[in-house]
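Here are the chains, one letter per residue:
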Amino acid sequence: MAVAAQALLDFSKPVDVDLLESTVGLFYGAGTPEQRTAAEQVLKTFQENPEAWTRVDTILEKGKTQQTKFFALQILESVIKFKWAALPAEQREGIKNYTSNLIIKYSTNEALYRAESTFINKLNLILVQILKQDWPHKWQSFIPDIVAASKTNETLCENSMTILKLLSEEVFDFSRGELTQAKTRELKLTLNNEFRSIHELCMFVLLNTRKTELLRATLTALAAYLSWVPPGYIFESQLVNALLGLFPQAPFRNVALQCLTEVGSLQMPLEFDAHFGTFYRMFSQQLVAILPPNTNLAQAYEAGTDEQQAFVQNLALFYTGFFKHHIAFLEASPGDHEVLRLGLENLIAISYVDDTEVFKTCLDYWNVFVADIYTSSCQASMATTMGAGGSGDGGFSFGSPAGAAANGAVSAAGSRKALYAGILSKLRALMVNRMAKPEEVIVVEDENGNIVRETMKDNDVLMQYRTMRETLIYLSHLDYEDTELQMLEKLRGQMSGTWTWNGLNTLCWAIGSISGSMHEEQENRFLVTVIRDLLNLCEITRGKDNKAVIASNIMYVVGQYPKFLRAHWKFLKTVVNKLFEFMHETHPGVQDMACDTFLKISNKCKRKFVVLQLQEQQPFVAELLDNLAATIQDLQPHQIHSFFESVGLMIGAEVDPAKRDEYLARLMAPPNNIWGTILAQAQANPAVLQQQEVIKSLQNVLQTNVSVCSSLGHPYLSQMVTMADSMLQVYRLYSESITAAITSGGPHAARSSFVKYMRSVKKAVLRLVEVFVDKCDDGPLLATKFVPALMEPVLGDYGASVPDAREAEVLSLFAAIVRKLKGLMEPEVPKVLAAVFEPTLGMITVNFEDFPEHRLKFFGLLHAVTNHCFACLFGMSPPQLKLLLDSIVWAFRHTERNVAETGLLLLEDMLKSFAGSEYATQFHQAYYTLLTREVFAVMTDTFHTPGFKLHCKILLHLFGLVRSDTVIKAPLWDVAAKGPTSYASNAAFVQEYVCGLLSSSFPNMTPVQIQAAVGGMMAIEDKRAFKHHMRDFLVQTKAFGNAETDQLYAEETAAKIAEANSRLQAIPGMVPPNQVNDDMADA
């Protein structure tokens, strides 16, 4: 292999194609694993050689295997994408002519074209890469040339259509992150200007050939262009008629429908509405011949071929695309109402097809459709109010234009609801019948038909549920009576006939999803019927699986209506007692769901449980505490923790401190008894603490305390005082045992089950203290009593322990303390940093893999110190501060996204704090160039694109500092070496420094490009404009491919999501009841 490698890599001689083919063959599996590895290295070295591209023509001419030819094309593609501008003009012209001639050679011979279709497709892609570089300025005749050549040969024409399709996709669909914004605009404009020739070619083919392959290629190319072409080319030519003529023909049906979908989805000026109306009527007439009315599309789809199923999918896309943009015109034309309703009914029929992607397409449209009708009905209601003088500045006048406009709006909205009444009713039935499973339901049917506990959440199903819930809420607002009627009819059907798991599930999920969307009296009446029927069904049904399904549905429904439960104490008490029954049911998932629902209800109705209700002897919480042991006896530890958290919420609602402390003492009596008993036994015999069951018991007691503390808040103080000393004593004892075990047993001992159990107790102690710190409202008490008590047993233990015995939770605990106490913690911060800084850095800087939790929490602690005790950094010595900055650089270099993001956020805050301090000049003189260089390094590699937004913010801040001398008041360059007058200003120095940095890093960029890029960076002050400029810069560096560039646009995506959420929050019932902040309603 070594001799072969030497011969292949000797570029002073012609390439040995046979030897290359054998090497490629070894790489693709013909040899041993060792030979494959060696072959890979040889091929990689060959590919990276600057002269490799000059051998491509020989390899393609003499190569016999597809793999070898594709290897050659990869070399050619790489040169075009990354080094094209650096090649001499004659070489670029040579590559361009060679590629064009090779394509013509293969595509003028039909047999060769069909046999080598994969190879031709790759050649086409390479030609498009050349076009992205040279067209239009250096290849102005490309479109006329390809159009003229296409009319000479049908196979050549077919391939030309493929090239034109690829060109449109590259410019309009895939240019983001690949081309600069200016280049993208230029290509789009040129393609638009040249489209006349492309349109003429397509029409020439559609009207003059009957060759199936060519027609399909032409239709596929058209589908790529129709989304952006000027409207005149569509409606002022024979194009639409040609497409509608091909639509009924089976070989062209799907691809013609894709073109028709693109036409129907176009947004155009109002003057084209009549064209779209005619287009839709003609399409509907054609469709009736293919798809007779009342066809059961769900059954037809199930039994259909791949082509027939694709037709149903494409039909869904056609209807949803057309209705989104043109339904208003059809609504305004009474003559089109029949054909409009027929299309919507077809779309409802398609919505019943058992295919996830088809249903998602339909559902997305139904969501938009009902939201639009709901919005117009709301606007009509407002217009009615204004017209009646209910709001606005002036009174109502019968003759006023405003009144007339209002009446017109009301009339239009009312007629829309009337027009779609039947459609909306069918949509309600669709949503109820196909409702997706909500997140709260964890009792599910598996693929074998068994009822089991869900083990993994399906995010697609959850997204589908949210969309369906939103849609059903709109539908409920539009007609409460029909919604209620349909649901109660289906419930009666389940009660009277043979009920099914799926039927009851979808119904109950739908009932739960519309919480808050009905009038209160109607909702109360509706729920009384639903809950009563479900409870009755649970009583009369036999079989564990059946009971589990009904129980999960009862729990889901009651959990969604806290407002109803607050208003009806009897129902609330009955429901909670039913949950207590379900807590004794051992069917998988039922107990978990009972505890989850109890927590949800306790959170929303907590005040009702501590107030003495009518006809009750004592508050419900007192009754609950009397029967505590019996209620939780069948629960698992994690379920008990959830139960205690629920009761903690109730106790927190008690306003009388004495009663609250009494309830807390009664609640914590069982775990306190276990804790006290174990510690008493340990005093007599310390070996008791080494027993596995004892360790588990201690951990469970601590976790129970964490649950209560998290829900109860500051009133937990009395219990914390009881636990604190003994808890830290246990922490110290287990620390000593763990260190001893690891010291004697080595690093492997840290992974033993015995050490893991002991560490779980330490982690629970730290978690309890952290939660208490977060909930405690008395800062001085924390600072004077609790923090000093932690210093020796927790901090001292961290520094003294071997690395494998250090708990990452120590770092997060002290970060929480710093965030809580802020300035009160400043005297202690130096001690904290002294104890954790160097020991932790020693653990995490060895590599990027070990101690992942310590990494994140260490930088979290530094971030807390920077934000809340920044003055402490001034006390650091220069070596310590350098170490701190190096650790931050190390953090944002990390390939773990969350660690890198933490490092960048920390750096951003630290830079802002130093810029506003008296040490700004000294700090930036020491670290400005280092930080600039390091941020550019991570911004331009391919591993840190998720941090693009923060990279931009930091660089914008750094460049902004040098625009004036108000922050940095001395030179940033080395005055001793260069003299004080070497640069006119810090801005001039930074510009030269960054230009030099980028020149050395990106030799593919010309000096002019670099000067322009850096000049823009220094001059732009607007955040948005700076981000756009940096995206263009990254495209020019050729450092990013398609997969990574999505992250560069993440912020814009997040802004769109936030805007949509704020819109939904204005609609009653749209925010889930358990996310509504309605604590006052529980008072």
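Residues numbered from 1 in each chain as written. Predicted model: local features only at pLDDT ≥ 70, side-chain atom pairs only at ≥ 80, totals over all residues. Heavy atoms only, no water.

Caption draft 1: A look at the overall build of the protein chain. Counting its regular elements, the protein chain contains 52 helices and 2 strands. Counting only C-alpha atoms and orienting by the principal axes, one finds that the protein chain spans roughly 100 × 85 × 70 Å. In the protein chain, which comprises 1083 residues, the share counted as buried stands at 52%. In the protein chain, once contacts between residues fewer than 6 apart in sequence are set aside, the share between residues at least 24 apart is 74%. (Helix = DSSP H or I, 4+ residues; strand = E, 2+ residues; numbered from the N terminus. Buried < 20%, exposed > 50% of the residue type's maximum accessible area, 1.4 Å probe, protein only. Contact = heavy atoms within 4.5 Å.)

Caption draft 2: Focus on the pattern of salt bridges. Counting across every chain of the model gives 41 salt bridges. One salt bridge in this structure joins Arg 525 and Glu 484, with 3.2 Å as the shortest N-O distance. Of this pair, Arg 525 sits in helix H27 (residues 520-540) while Glu 484 sits in helix H25 (residues 480-496); the two residues are 41 residues apart in sequence, bridging distant segments of the chain. Residue Glu 484 is classed as buried on the basis of its relative accessible area, which comes to 8%. Here the residues in one salt-bridge network are Arg 759, Lys 762, Lys 763, Asp 797, Glu 807, Glu 809, Glu 853 and Lys 857, joined through shared partners. (Salt bridge = Lys/Arg side-chain N within 4 Å of Asp/Glu carboxyl O.)

Caption draft 3: Representation of helix H8 (residues 117-134). Compared with the 26 Å implied by 1.5 Å per residue over 18 residues, the 26 Å span of H8 between its first and last C-alpha is a close match. Of all 18 residues in H8, 13 are buried; the element is thus mostly enclosed. (Expected span 1.5 Å × (residues − 1).)

Caption draft 4: Spotlight on the packing of aromatic side chains. Considering all chains together, one arrives at 57 aromatic pairs under this definition. When the ring of Phe 598 is compared with that of Phe 643, the centres are 5.1 Å apart and the planes differ by 35°; the resulting orientation is tilted. Placement of Phe 598 in helix H31 (residues 590-610) and of Phe 643 in helix H34 (residues 637-652) is noted, with a sequence separation of 45 residues between them. Accessibility classification places Phe 598 together with Phe 643 in one group, the buried group. For the cation-ring pair, Lys 69 lies above Phe 119, with the distance from its terminal atom to the ring centre recorded as 5.4 Å. Directly above the aromatic system of Tyr 731 lies the positively charged group of Lys 762, at a separation of 5.0 Å from the ring centroid. (Phe/Tyr/Trp six-rings, centres within 6.5 Å; stacked < 30°, edge-to-face > 60°. Lys NZ or Arg CZ within 6 Å of the ring centre and 35° of its normal.)

Caption draft 5: Region of interest: unusual backbone geometry. The amide bond that connects Trp 135 to the next residue, Pro 136, takes the cis arrangement and shows omega of 10°. On the secondary structure map, Pro 136 appears in the loop between H8 and helix H9 (142-150). The phi dihedral of Lys 822 falls on the positive side, at around 50°, and the residue is not glycine.

Caption draft 6: View of the state of the cysteines. On inspection of all chains with the given rule, the structure shows 0 disulfides. Cys 259 takes part in no disulfide bond, and the closest cysteine sulfur to it belongs to Cys 202, at a distance of 9.0 Å. Taking the relative accessible area as the measure of exposure, Cys 259 reaches 0% and is therefore buried. Between Cys 595, a cysteine without a disulfide, and Cys 538, which holds the nearest cysteine sulfur, the sulfur-to-sulfur distance is 17 Å. (Disulfide = S-S within 2.5 Å.)

Caption draft 7: Broad picture of the nonpolar core. Of all hydrophobic cores here, the largest spans 358 residues; its most connected members are Trp 366, Phe 369, Phe 643 and Phe 814. Leave out the neighbours within four places in its chain, and Trp 366 touches Leu 344, Leu 347, Ile 348, Ser 351, Leu 427, Leu 430, Met 431 and Thr 471. (Core = buried A, V, L, I, M, F, W, Y, C linked by side-chain atoms within 4.5 Å.)

Caption draft 8: Region of the structure containing the packing of helix H40 (residues 809-821) against helix H42 (residues 852-868). Running from amino to carboxyl end, H40 crosses H42 at an angle of 15°, the nearest separation of the two axes being 8 Å. By the angle between their directions, the pair H40 and H42 is classed as roughly parallel. For the crossing formed where H40 meets H42, the hand is left-handed. Contacts between H40 and H42 involve Glu 809, Leu 811, Ser 812, Phe 814, Ala 815, Val 818 and Arg 819 on the former and, on the latter, Glu 853, His 854, Lys 857, Phe 858, Gly 860, Leu 861, Ala 864, Val 865 and His 868. (Axes fitted to C-alpha atoms, helices over the stretch in contact; angles between N-to-C directions. Parallel < 35°, antiparallel > 145°, perpendicular 65-115°, else oblique. Left-handed = near helix turned anticlockwise from the far one by under 90°.)

Caption draft 9: Quick peek at the side chain of Gln 464. Mapped onto the secondary structure, Gln 464 falls in helix H24 (residues 459-478). When its relative accessible area of 16% is taken as the criterion, Gln 464 is described as buried. Those residues in contact with Gln 464 that sit more than four places away from it in its chain are Thr 356, Phe 359, Lys 360, Leu 363, Arg 434 and Ala 436.

Caption draft 10: Focus on the side chain of Glu 809. Tracing the chain through its elements places Glu 809 in helix H40. By relative accessible area, Glu 809 is classed as buried at 12%. Filtering out sequence-adjacent residues up to four positions away, Glu 809 remains in contact with Lys 763, Leu 766, Glu 770, Glu 853 and Lys 857.

Caption draft 11: Geometry of the confidence of the model for the protein chain. Summary statistics for the protein chain give a mean pLDDT of 89 and a share of 93% for residues scoring 70 or more. Within the protein chain, no element has a lower average pLDDT than helix H51 (residues 1042-1045), which sits at 36, and none a higher one than helix H23 (residues 421-433), at 97. Counted against residues more than four places away or in other chains, residues 390-410, with its pLDDT under 50, gives 14 contacts. Counting contacts from residues 1039-1050, a segment whose pLDDT is below 50, to residues more than four positions away or on other chains yields 27 contacts. (pLDDT = per-residue confidence, 0-100.)

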